[in-house]
Amino acid sequence: MSVGEALAQAIEKKDRRALAQAITLVESAQPAHRADADALMAHLKSPPETAFRIGITGPPGAGKSTLIEAMGQRLIGEGHRLAVLTIDPSSRISGGSILGDKTRMPTLSADPKAFVRPSPSSGIEGGVSRHTQEAILLCEACGFDRVLVETVGVGQSELRVAQMTDVFVLLLAPSAGDELQGIKRGVMELADVILINKSDGDLRAAAQRAAAECLASTGLMKTQTPDWTVPVLNISALEGDGIAQALSELERFHQHLKDRGLIDLRRRHQASEALTTSIQEALYDAATGDPNLNRELDRVRKLVLSGNLTPRLAAARFVDQFTARIGKSNDRTT
Ligand SMILES: Nc1nc2c(ncn2[C@@H]2O[C@H](COP(=O)(O)OP(=O)(O)OP(=O)(O)O)[C@@H](O)[C@H]2O)c(=O)[nH]1
Ligand SMILES: [Mg+2]
């Protein structure tokens, strides 16, 4: 039996250690591991229909981890098995282990019905690991029916997480100066549910004004999902206020999608997006795996950084070199 097949079998028996190993395998950058990872993914059964994928994003310090602790304990209390994948752009692998959010979800990390997995962000975009999609499928195969993906709102990561989850939650927190911090309109438009955290103590009034401001701007946006009005809720992850309501909004959204047959549609759309992204990444890897092309990339990057070439022209020049090399290697093989 291959490594991949053995891991797939162990995962189906709800073996958490196998799940952890499997995620490490799919995250591995070593080419030798790729074949095992592909075999593993090929042997997985399709996820149970009840699985629900929840994406949570928000600016640094908004309270994502605190919220996940609070929500997680409730979900477990309701009989769910919860997997939490946190993608932490600031985490680094140190001595083989990841220093990340695990320590900030102490209760969930210690709970046998939860599985908490911090992932370092990978590669070029500095955001969502390209293997998060596979990690989600692995968690579901291991019997986790709620999968939470936490990402800090930086760059492309929100879009990537929105593309791999069933509901996308935007968590914001008021600042002392009232305005909502660090949030781009494009990200607001991805949200299915908006939560304004830290609606407690000194920040309560500011949080309520922030919610009103948010409602006003979401009212003007076109929604992603037919017949769905994006709810904006004030919560306090720290004090546990509004967590039950927030969870019931998520379940209501899940039901909304199911009633209209939109889950399947959303997942098919996501699979198609994932295919496009995977092709982009595979092409990027193929191109930068070639030492000559890698040097060419360095060269054009320097030109871009010194302001002598626009990124688009630099990319076009690089792609020309890439296709020229493919042409040459085809000439050799035919
Ligand atoms: N007052 C108040 N503080 C909170 C609340 N939720 C979180 N905090 C505090 O905000 C800080 C950041 O909380 P985290 O849960 O680590 O935030 P995060 O969004 O996961 O942060 P990063 O992962 O670093 O982006 C901590 O000091 C929390 O105690 C809340 O509801 N009210
Ligand atoms: Mg966090």
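Residues numbered from 1 in each chain as written. Chains lettered and ligands numbered in written order. Predicted model: local features only at pLDDT ≥ 70, side-chain atom pairs only at ≥ 80, totals over all residues. Heavy atoms only, no water.

How do you make sense of the site of ligand 1 when you look at a structure like this?
Neighbouring ligand 1 are 17 residues; K64, S65, T66, R104 and D200 lie closest to it. One of the backbone nitrogen or oxygen atoms of A62 is found 3.2 Å away from an oxygen atom of ligand 1. Contact between ligand 1 and A237: an oxygen atom at 2.9 Å from a main-chain N or O atom of the residue. Alone, ligand 1 offers 650 Å² of accessible surface; in the complex the protein occludes 75% of this. Among the secondary structure elements, those contributing two or more residues to the shell around ligand 1 are helix 4 (64–77) and strand 6 (146–152). It is helix 4 that contributes the most residues to the shell around ligand 1, 3 residues altogether. (Near = heavy atom within 4 Å. Polar contact = N/O pair within 3.5 Å; in protein donor to acceptor, adjacent residues only side chain to side chain. Areas by Shrake-Rupley, 256 points an atom, 1.4 Å probe, with all protein chains shown as cover. Helix = DSSP H or I, 4+ residues; strand = E, 2+ residues; numbered from the N terminus.)

How do you make sense of the coordination of the magnesium ion (ligand 2) when you look at a structure like this?
Ideal coordination angles are 109.5 degrees for a metal with four donors arranged tetrahedrally and 90 or 180 degrees for a metal with six donors arranged octahedrally. At the metal site, the magnesium ion (ligand 2) is ligated by S65 (OG) and E150 (OE), and these contacts range over 2.2 to 2.5 Å. A residue pair is termed long-range when its members are at least 10 positions apart, and S65 in helix 4 and E150 in strand 6 qualify at 85 residues. Just as S65 is buried, E150 falls in that class too. (Donors = N, O, S within 2.8 Å, 3.2 Å for Na, K, Ca; no water. Buried < 20%, exposed > 50% of the residue type's maximum accessible area, 1.4 Å probe, protein only.)

Whenever I open this one, the pairing of strand 7 (residues 167–172) confuses me. Can you help?
In summary, the side chains of a regular strand alternate between the two faces of the sheet. The element strand 7 is extensively covered by neighbouring structure, given that 6 of its 6 residues are classed as buried. Going residue by residue along strand 7, you find V167, V169 and L171 tucked away on one face and F168, L170 and L172 tucked away on the opposite face as well. Pairing of strand 7 with strand 8 (residues 193–196) involves 4 bridges; the strand directions are parallel. In the sheet register, L172 faces strand 8, and the bridge partner there is I196. (Pairing = 2+ DSSP bridges.)

How should the packing of helix 11 (residues 262–288) against helix 12 (residues 291–305) be read in this particular structure?
Angle between the axes and distance between the axes are the two parameters that describe a pair of packed helices. Two elements in contact, helix 11 and helix 12, have axes whose closest approach is 7 Å; the angle formed by their N-to-C orientations is 100°. The pairing of helix 11 with helix 12 is recorded here as roughly perpendicular in orientation. The segment helix 11 lies against helix 12, with Y284, A287 and T288 engaging L293, N294, L297 and R301. Split into classes, the residues belonging to the contact of helix 11 with helix 12 amount to 4 nonpolar, 2 polar and 1 charged. (Axes fitted to C-alpha atoms, helices over the stretch in contact; angles between N-to-C directions. Parallel < 35°, antiparallel > 145°, perpendicular 65-115°, else oblique. Contact = heavy atoms within 4.5 Å. Nonpolar A, V, L, I, M, F, W, Y, C, P; charged D, E, K, R; others polar.)

I keep staring at helix 3 (residues 31–43) and nothing clicks. Help me out?
Every α-helical turn comprises 3.6 residues, leaving residues that sit three or four positions apart pointing alike. Taken together, the buried positions of helix 3 are occupied by A37, L40 and M41. Projected down its long axis, helix 3 shows its buried positions confined to an angular sector of 95°, all on one face. Along helix 3, the residues that are exposed and aim more than 90 degrees away from the buried face are A32, A35 and A42. Each element contacted by the buried residues of helix 3 is listed here: helix 1 (3–12), helix 2 (16–27) and helix 6 (132–141). (Arc of directions from axis to C-beta.)

Any chance you could explain the packing of aromatic side chains here in plain terms?
A ring pair, where both rings are aromatic, is described by two values, the distance of the centres and the angle of the planes. Tallied over the entire structure, the rule returns 2 aromatic pairs. For the ring pair F115 and F144, a centre distance of 6.0 Å and an interplane angle of 40° mean the geometry is tilted. In this pair, F115 is assigned in strand 5 (residues 114–120) and F144 in the loop between helix 6 and strand 6, connecting sequence segments 29 residues apart. Assessed through its relative accessible area of 0%, F144 is described here as buried. When the ring centre of F144 is taken as origin, the NZ or CZ atom of R81, which lies over that ring, is 4.2 Å away. (Phe/Tyr/Trp six-rings, centres within 6.5 Å; stacked < 30°, edge-to-face > 60°. Lys NZ or Arg CZ within 6 Å of the ring centre and 35° of its normal.)

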